[in-house]
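Examining the three-dimensional arrangement
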Amino acid sequence: MDYTSLAGELQSLVKGSVKVHEPMKQHTTWRIGGNADLFVDPGDKDDIRRTVEFAAAHDIPLTVIGNGSNLLVKDGGIRGLVLKVGRGLAGISVEGATIKAGAGAMLPELAAAARKASVGGFEFAAGIPGSLGGAVIMNAGAMNGCVADVLLAVEVINEQNQFLTLTKEELGFSYRSSNLQNKGYICVSTLWQGYPKGKDLIEQETRDYVARRKAAQPRGYPNAGSVFKNPEGDFAGRLIEACGGKGLRVGDAEVSTKHANWILNLGNATARDVLTLIDKIKKMVQESFGVSLHLEVRVLGED
Ligand SMILES: Cc1cc2nc3c(=O)[nH]c(=O)nc-3n(C[C@H](O)[C@H](O)[C@H](O)COP(=O)(O)OP(=O)(O)OC[C@H]3O[C@@H](n4cnc5c(N)ncnc54)[C@H](O)[C@@H]3O)c2cc1C
């Protein structure tokens, strides 16, 4: 396909930017990933609809990402079009204890808007580097709070390019999961319900959460947070550490010596390095404890 001419055609339809052969390592917190054939950073909701229409008309596969903080993009990159729901859809408005926000706004921005308006329930979100769309898909959470506790509804665009509103009950939330994960819907906006709470208390709790995260989490190298989901009643990090996984290395991918459920990119790690390390860890934990670990990070693209 002639992606340069397709990019030109799509650029004439949208306000946001369209790029060709875009390195996905620039859009993942792991700083890993080959090129996307076409990459769109939409300016608003209409741009998303036009992009979906364009992809369907040209029979181009469409992949949606947020801030790329839970993604491993393979070294061969992503065929077709990648749509990044980001700054073009990042508005936040607060009314009483109800908050409406674009799917491209970030969790720490949502937490800050709630804090400013003395709205409680969003303290958990202060240190998680995900967009609201990605957070809803993953049911992101920390410190005993998660998206499912405070979300009311989301607006999505479905494969027929129609806007739908789905309530929290329709999203089938469970631990780090929602039924949007394999549906192909694009989350464009979100509606949240908190509760009145003293600003001082919110600030104090937020400071405490952020300090606890800083103390427990590795810093200094690109990563995607926890790689595996915690198995029922246990912690993936504890199991990996107990079977000697800390510091295990393949190429430039290393199991953190601070938190064994994190894999760090020490410089030039490839997706192949990370996937080989993941396989080794799974095998060690299976052999030592009879426990199957399941990925929390989402893997996209091709080898
Ligand atoms: C340092 C660090 C700390 C972290 N700490 C935590 C933590 O404490 N708790 C936690 O739960 N997670 C944590 N994470 C993981 C990550 O931040 C969350 O999973 C976050 O919710 C992912 O959001 P994102 O916008 O980056 O999504 P992405 O990684 O871009 O995408 C994740 C999934 O959502 C889909 N998606 C993204 N946006 C949309 C959209 N608008 N519409 C449809 N599908 C979409 C993607 O296709 C993909 O399947 C951490 C990550 C890092 C790097």
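Anything mentioned here points back to the structure above.
One structure accompanies this document, and this report is about it. (Residues numbered from 1 in each chain as written. Predicted model: local features only at pLDDT ≥ 70, side-chain atom pairs only at ≥ 80, totals over all residues. Heavy atoms only, no water.)

**A look at the site of the ligand**
Quick note on the threshold: The near set for a molecule or strand comprises every residue that places at least one heavy atom within 4 Å of it. We call two N or O atoms a polar contact when they sit within 3.5 Å, provided that within protein one can donate a hydrogen and the other can accept it, with sequence-adjacent residues counted only if both atoms are side-chain atoms. For the area figures, the Shrake-Rupley method with a 1.4 Å probe applies, and any residue is considered shielded solely by the protein chains shown. Strands here mean DSSP runs of E at least two residues long; helices mean DSSP runs of H or I at least four residues long; both are numbered from the N terminus. In this classification, Asp, Glu, Lys and Arg are treated as charged, Ala, Val, Leu, Ile, Met, Phe, Trp, Tyr, Cys and Pro as nonpolar, and every other residue, Gly included, as polar. Each domain span listed reflects an automatic or database assignment of domains.
Looking at the ligand, there are 32 residues lining it, with Val64, Gly66, Ser69, Ser131 and Gly141 nearest. Contact distances for the ligand include 2.8 Å between an oxygen atom and a backbone N or O atom of Asn67. The backbone of Asn70 places a nitrogen or oxygen atom 2.8 Å from an oxygen atom of the ligand. Its free accessible area being 970 Å², the ligand has 92% of it covered by the protein chains. Every element with two or more residues in the shell around the ligand is listed here: β3 (62–65), α4 (132–138), β9 (141–142) and β13 (186–193). At five residues, the largest contribution of residues to the shell around the ligand is made by α4. Class assignment for the residues of the shell around the ligand results in 16 nonpolar, 13 polar and three charged. The two domains that each donate at least three residues to the shell around the ligand are domain 1 (3–84) and domain 2 (90–216).

**Quick word on unusual backbone geometry**
What counts here: Whether a residue is buried, partly exposed or exposed follows from its accessible area with a 1.4 Å probe, protein chains only, as a fraction of its type maximum: under 20%, in between, or over 50%, in that order.
The residue Met143 is not glycine, and still its phi comes out positive at about 50 degrees. Topologically, Met143 is positioned in the loop between β9 and β10 (145–146). Residue Met143 is classed as partly exposed on the basis of its relative accessible area, which comes to 22%. Not every positive phi belongs to a glycine, and Arg176 is a case in point at roughly 55 degrees. Within the secondary structure, Arg176 sits in the loop between β12 (163–167) and β13. Given the relative accessible area of 15%, Arg176 is considered buried.

**Looking at the packing of aromatic side chains**
Our working definition: To pair, rings of Phe, Tyr and Trp, with the six-membered ring standing in for Trp, must have centres within 6.5 Å; the planes then decide the type, stacked if under 30 degrees apart, edge-to-face if over 60, and tilted in the middle. A ring is scored as having a charge over it whenever the NZ atom of a lysine or the CZ atom of an arginine sits within 6 Å of its centre and within 35 degrees of its normal.
For the coordinates displayed, the defined rule picks out one aromatic pair. Relative to Trp192, the ring of Phe122 lies with its centre 6.1 Å away and its plane at 70 degrees, an arrangement referred to as edge-to-face. Here Phe122, found in the loop between β8 (119–120) and α4, pairs with Trp192, found in strand β13; they are 70 residues apart in sequence, far enough to count as distant. Trp192 shares its class with Phe122; the two are buried. When the ring centre of Phe163 is taken as reference, the NZ or CZ atom of Lys45 above it lies at 5.5 Å.

**A few points about the sheet that holds β12**
Picture the strands of a sheet paired through backbone hydrogen bonds; they go either parallel or antiparallel. Convention followed: DSSP bridges decide pairing: two strands pair if at least two such bridges lie between them. Each axis is a line fitted through C-alpha atoms, taken for helices only over the stretch in contact, and angles between the N-to-C directions span 0 to 180 degrees.
Spatially, five strands are ordered β6-β7-β13-β11-β12 in an open sheet, and the strand pairing comes out antiparallel. In this open sheet, the two strands that pair with only one neighbour each are β6 (92–95) and β12. For this sheet, the mean angle separating the axes of adjacent strands, direction not counted, is 15 degrees. As judged from the four bridges shared by β6 and strand β7 (residues 98–102), these two strands associate in the antiparallel manner. Looking across to β7, one finds that Val94 is bridged to Ile99.

**Considerations on the sheet that holds strand β17 (residues 263–265)**
To keep it simple, the criterion reads: Any two residues having at least one pair of non-hydrogen atoms within 4.5 Å are treated as being in contact.
Within the open sheet, the three strands sit side by side as β15-β16-β17. Their pairing is antiparallel. Two strands in the sheet have a free side with no partner beyond their single neighbour: β15 (249–250) and β17. Pairing geometry for strand β16 (residues 253–255) and β17, over three bridges, is antiparallel. Residue Ala253 lies in a different strand from β17, and its bridge partner there is Asn265. Relative to β16, helix α8 (residues 271–289) is tilted by about 30 degrees, and along the sheet it contacts β15, β16 and β17.

**Regarding the environment of Val20**
Relative to the helices and strands, Val20 resides in strand β1 (residues 17–23). Sequence spacing of Val20 and Asn35 is 15 residues, and the spatial spacing of their C-alpha atoms is 8.7 Å. Ignoring any residue separated from it by four or fewer positions in sequence, one finds Val20 in contact with Tyr3, Thr4, Ala7, Ala36 and Asp37.

**So, the pairing of strand β5 (residues 78–84)**
Counting buried residues in β5 gives six out of seven residues, a clear majority hidden from the surface. Relative to β5, strand β2 (residues 35–41) runs parallel, the two being bridged by four bridges. Opposite Leu38, over in β5, you have Leu81 as the bridge partner. Bridge analysis of β3 against β5 gives four bridges, and the strand direction is parallel. Following the sheet pairing, Thr63 is matched in β5 by Val82.

**So, the pattern of salt bridges**
The condition that has to hold: One speaks of a salt bridge when a side-chain nitrogen belonging to Lys or Arg is within 4 Å of a carboxyl oxygen belonging to Asp or Glu.
Under the defined criterion, the tally for this structure stands at 16 salt bridges. Linking Asp37 and Arg79 is a salt bridge whose minimum nitrogen-to-oxygen distance equals 3.1 Å. Taken together, the positions of Asp37 in strand β2 and Arg79 in strand β5 put the pair 42 residues apart, joining distant regions of the chain. Note on Asp37: relative accessible area 6%, which makes it buried. In this structure, Lys74 and Asp303 form a salt bridge, with 3.7 Å as the shortest nitrogen-oxygen distance. Of the two residues, Lys74 sits in the loop between β4 (71–73) and β5 while Asp303 sits in the segment after β18 (298–300), which places them 229 residues apart along the sequence. Overall, Lys74 belongs to the buried group, its relative accessible area being 19%. Residue classification places Asp303 among the exposed residues on the basis of a relative accessible area of 64%. Through salt bridges with shared partners, one network takes in Lys15, Asp44, Asp47 and Arg50.

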